[in-house]
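Below are the chains, spelled out letter by letter.
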Amino acid sequence: MRVAVVGATGAVGSTMLEVLHERSFPADEVVPFASERSAGRTLDWAGQSLTVTPLADDTIQGFDIALFSAGSKVSEEWAPRFADAGAVVVDNSSQWRMHEDVPLVVAEVNPDALDGHKGIVANPNCTTMQTVVALGPILKHAGIERVVMSSYQAVSGTGQRAIDELHGQVDAQMHAAEMPKPEVYPHLIAFNVLPQVETFKDGDDYTTEERKCMQETRKILGRDDMGVSATCARVPVFTGHSVSANVQTRDPLSPEECRELLAGSPGLTVIDDPANGLYPTALDAAGRDDVLVGRIRRDPSHDRCLNLWIVGNNLRKGAATNAVQVAELLNVRGLLRAARVA
Ligand SMILES: NC(=O)c1ccc[n+]([C@@H]2O[C@H](COP(=O)([O-])OP(=O)(O)OC[C@H]3O[C@@H](n4cnc5c(N)ncnc54)[C@H](OP(=O)(O)O)[C@@H]3O)[C@@H](O)[C@H]2O)c1
């Protein structure tokens with residue numbers, strides 16, 4: 001199987017390469033793609049030296065899978081071209097997520113949505129991803145009427161430039177040097193919390209990230225009528241998003257039942273002994289693929305509402321790992337183009 005990794009030099013792309021290797025993805029060949037700036041660079045991968053290739057009609061031929069993480073513009077132009085050339089694209093950008101012909105898939109939650117794909121499959125945004133891994137089992141068991149989610153998102157969610165910006169600001173503060181002007185975010189991110197993730201487009205009073213969380217959650221869970229309200233904040237954490245979710249179920253669900261349900265569900269680990277200081281933190285998500293849930297408790301203002309604290313690694317489960325899991329599902333379910341034609 002030939003696999004293309006588009007955006008291979010970026011925060012998500014480099015993690016996709018790691019995850020492909022860690023999970024022994026059955027690739028005969030992996031080709032990293034990035035912009036013209038990186039063309040010709042070599043990347044060490046699984047004991048091989050891979051040469052970064054530019055996107056061009058002749059370089060994109062003959063792939064079975066193309067994992068994309070190079071931003072929406074690149075996905076808009078190149079995902080259909082890879083698909084026309086015979087690959088199934090798994091796209092991390094927001095470009096195709098809400099398109100009605102494109103399944104939006106979280107491996108543990110709605111893998112059957114892959115049936116009938118038309119060459120492009122989308123990965124949800126990282127905050128939605130970790131949240132629905134926890135919401136999926138609750139929806140199946142007790143139904144969900146409404147979710148209010150508030151996120152505390154790490155800078156790696158914005159990519160490599162944001163990681164560098166936080167490093168630079170922390171460094172300047174520690175060494176009493178002149179503070180560099182913020183370039184990636186509208187304000188200083190070091191030692192600060194910004195109630196803005198992405199942009200307020202066309203005068204909207206919700207950010208594009210908040211809109212994505214609300215729409216994508218409904219699409220993945222297949223519940224157009226579910227109430228979802230999101231507030232997304234950026235915090236000075238390098239990796240690991242945290243989400244506080246207030247979940248109103250249709251049927252009664254006690255915190256004990258919820259703990260047991262989530263502990264037995266795929267992709268989730270419950271860490272919930274607050275009296276002993278045990279709950280998930282962003283740092284706990286380092287290097288992990290499972291979504292961590294704790295602080296499961298009754299909302300005292302509503303007898304069918306629970307509060308949960310949900311932590312996930314935005315670069316791994318929030319992006320790279322889910323993309324590779326989707327590629328695995330496409331392969332084992334015979335949903336690659338070559339398998340379908342045969
Ligand atoms: N970071 C996260 O936690 C996360 C989570 C979910 C989804 N995503 C999505 O994944 C995508 C990438 O995010 P990231 O954080 O990895 O960003 P990033 O660190 O800035 O990396 C961007 C990648 O895209 C490549 N690229 C840029 N312009 C290109 C072009 N014209 N042609 C080909 N390649 C091009 C870059 O190559 P060069 O090195 O050559 O510039 C780099 O490899 C975005 O759509 C983002 O929304 C990110």
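A short tour of the structure in this document, coming up. On a predicted model such as this, the values are computed, not experimentally measured, just so you know. (Residues numbered from 1 in each chain as written. Predicted model: local features only at pLDDT ≥ 70, side-chain atom pairs only at ≥ 80, totals over all residues. Heavy atoms only, no water.)

## Structural notes on the overall build of the chain
When helices and strands are counted, the chain shows eight helices and 14 strands. In summary, the chain has a C-alpha radius of gyration of 20 Å against a globular reference of 20 Å for 342 residues, a match within 12%. Its C-alpha atoms put the chain at 60 × 60 × 40 Å along the principal axes. Accessible surface, the chain: about 15100 Å² in total, of which carbon and sulfur atoms supply 49%. Of note, the chain has its 31 positive side-chain charges centred 3 Å away from the centre of its 45 negative side-chain charges. (Helix = DSSP H or I, 4+ residues; strand = E, 2+ residues; numbered from the N terminus. Rg over C-alpha atoms; globule rule 2.2 N^0.38 Å. Areas by Shrake-Rupley, 256 points an atom, 1.4 Å probe, with all protein chains shown as cover. Lys, Arg positive; Asp, Glu negative; His and termini not counted. Charge placed at Lys NZ, Arg CZ, Asp CG, Glu CD.)

## A closer look at the site of the ligand
Close to the ligand lie 26 residues; Thr-9, Ser-35, Arg-37, Ser-38 and Ser-156 are nearest. Take Gly-7: an N or O atom from its main chain is 3.1 Å from an oxygen atom of the ligand. In this structure, Val-12 approaches the ligand through a main-chain N or O atom, which is 2.8 Å from an oxygen atom. Contact with the protein chains hides 77% of the accessible area of the ligand, taken as 900 Å² for the molecule alone. Broken down by secondary-structure element, the contributors of at least two residues to the shell around the ligand are helix H1 (11-22) and helix H7 (316-332). Residue classes in the shell around the ligand are distributed as ten nonpolar, 15 polar and one charged. (Near = heavy atom within 4 Å. Polar contact = N/O pair within 3.5 Å; in protein donor to acceptor, adjacent residues only side chain to side chain. Nonpolar A, V, L, I, M, F, W, Y, C, P; charged D, E, K, R; others polar.)

## As for the nonpolar core
By size, the foremost hydrophobic cluster in this structure holds 56 residues, and its most contacted members are Phe-33, Phe-82, Ile-138 and Leu-308. The dominant element in this core, judged by the number of residues it contributes, is helix H3 (residues 126-142), at eight residues. Counting 36 residues, the second largest nonpolar core, distinct from the first, contains Val-105, Leu-114, Ala-320 and Leu-335. (Core = buried A, V, L, I, M, F, W, Y, C linked by side-chain atoms within 4.5 Å. Buried < 20%, exposed > 50% of the residue type's maximum accessible area, 1.4 Å probe, protein only.)

## Considering unusual backbone geometry
One non-glycine residue, Ala-176, adopts positive backbone phi at about 50°. Within the secondary structure layout, Ala-176 lies in the loop between helix H4 (160-174) and helix H5 (208-221). Positive phi, close to 50°, is recorded for Asp-202, a residue that is not glycine. In this fold, Asp-202 is placed in the loop between H4 and H5.

## Observations concerning the sheet that holds strand S13 (residues 291-298)
What links the strands of a sheet is backbone hydrogen bonding, and the strands pair in either a parallel or an antiparallel sense. Taken in spatial order, the six strands line up as S10-S9-S11-S14-S13-S12 in an open sheet, and their pairing is mixed. Looking at the sheet topology across the chains shown, the edges are occupied by strand S10 (227-234) and strand S12 (268-270). Ignoring strand direction, the axes of neighbouring strands in this sheet form an average angle of 20°. Relative to S13, S12 runs parallel, the two being bridged by three bridges. When the bridges of S13 are listed, Leu-268 appears paired with Val-291. Here H5 sits on the sheet and contacts strand S9 (144-153) and S10; the angle it forms with S10, its principal contact strand, is near 145°. Sitting on the sheet, helix H6 (residues 255-263) touches S12, S13 and strand S14 (305-312), and the angle it makes with S13 is about 170°. (Pairing = 2+ DSSP bridges. Axes fitted to C-alpha atoms, helices over the stretch in contact; angles between N-to-C directions. Contact = heavy atoms within 4.5 Å.)

## Focus on the pattern of salt bridges
Applying the stated rule across the entire model yields 16 salt bridges. The salt bridge partner of Arg-2 is Glu-29, with a shortest N-O separation of 2.7 Å. Here Arg-2 is found in strand S1 (residues 2-6), whereas its partner Glu-29 is found in strand S2 (residues 29-34), with 27 residues between them in sequence. Relative accessible area serves as the criterion here: at 25%, Arg-2 is assigned to the partly exposed category. Using a relative accessible area of 36% as the deciding quantity, one classes Glu-29 as partly exposed. In this structure, Glu-145 and Arg-304 form a salt bridge, with 3.1 Å as the shortest nitrogen-oxygen distance. A residue pair is termed long-range when its members are at least 10 positions apart, and Glu-145 in strand S9 and Arg-304 in the loop between S13 and S14 qualify at 159 residues. (Salt bridge = Lys/Arg side-chain N within 4 Å of Asp/Glu carboxyl O.)

## A few points about the pairing of S1
Among the five residues that make up S1, four are buried, leaving the element largely enclosed by the rest of the structure. Between the parallel pair S1 and S2, the chain is carried across by H1, and the sense of this crossover is right-handed. Where S1 meets strand S6 (residues 65-68), four bridges bridge the pair, whose relative direction is parallel. Considered in S6, the bridge of Val-5 is made with Leu-67. (Right-handed = clockwise from strand over helix to strand, strands pointing away.)

## Some remarks on the sheet that holds S1
Taken in spatial order, the six strands make up an open sheet running S5-S2-S1-S6-S7-S8, and their pairing is parallel. The open sheet has two edge strands with one neighbour each: strand S5 (53-54) and strand S8 (120-122). Where S2 lies against S5, two bridges are found, and the strand directions are parallel. Across the sheet, Ala-34 pairs through a bridge with Pro-54, a residue of S5. Against the sheet, H1 contacts S1, S2 and S6, and its axis sits at roughly 155° relative to S1. Each of S1, S2, S6, strand S7 (88-91) and S8 is contacted by helix H2 (residues 72-84), which is oriented at about 175° to S6, the strand it contacts most.

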